[in-house]
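Here are the chains, one letter per residue:
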Amino acid sequence: MTESADQNVPLTFTDTAALKVRRLIEEEENDNLKLRVYITGGGCAGFSYGFTFDENVADDDTAVENQGVTLVVDAMSFQYLAGAQVDYKEGLQGSQFVVSNPNASTTCGCGSSFSI
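**A word on the nonpolar core**
When a protein is soluble and globular, its nonpolar side chains tend to lie buried together.
Logical step 1: If you look at the biggest cluster of nonpolar residues, it comprises 22 residues, and the most contacted ones within it are Leu 11, Phe 13, Val 21, Leu 71, Val 73, Leu 81 and Val 99.
Logical step 2: It is helix H1 (residues 15-28) that provides the largest number of residues to this core, a total of four residues.

**Observations regarding the packing of aromatic side chains**
Logical step 1: Scanning the model with the defined rule gives three aromatic pairs in all.
Logical step 2: Relative to Tyr 80, the ring of Phe 47 has its centre 5.0 Å away and its plane inclined at 35 degrees; by these criteria the two rings are tilted. Taken together, the residues Phe 47 in strand E4 (residues 47-54) and Tyr 80 in helix H2 (residues 75-81) connect sequence positions 33 residues apart.
Logical step 3: For Phe 47, a relative accessible area of 23% puts it in the partly exposed group.
Logical step 4: Cluster of aromatic residues (ring-pair linked, three or more members): Phe 51, Tyr 88 and Phe 97.

Conventions adopted
- Residues numbered from 1 in each chain as written.
- Predicted model: local features only at pLDDT ≥ 70, side-chain atom pairs only at ≥ 80, totals over all residues.
- Heavy atoms only, no water.
- Core = buried A, V, L, I, M, F, W, Y, C linked by side-chain atoms within 4.5 Å.
- Buried < 20%, exposed > 50% of the residue type's maximum accessible area, 1.4 Å probe, protein only.
- Helix = DSSP H or I, 4+ residues; strand = E, 2+ residues; numbered from the N terminus.
- Phe/Tyr/Trp six-rings, centres within 6.5 Å; stacked < 30°, edge-to-face > 60°.

Nothing here speaks to function; it is all geometry.
Next comes the structure, spelled out in structure tokens:
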């Protein structure tokens, strides 16, 4: 498992996102849960971000800890997420985890799809 302290693999997990994850984990009453962010093919711009809770961390996952919770990214997805920021936003259009990805050349209007 690669830790985010390694400056060669920067990924930012904001305090706001980490605190939201901690609240969700407390609701689930399972301290083993981690937020997994991943990339899938599809969406209106070519790739889509996905989020799920996972108890497992693979040897090649990148893990970022903040506020006592962990964000994990698989190796395949990390190549598209290096340098990105995972945040949590609440607004008129609802509440959601959002990824600000400097690797994305275009994004769609919904903010959950991108292309490289």
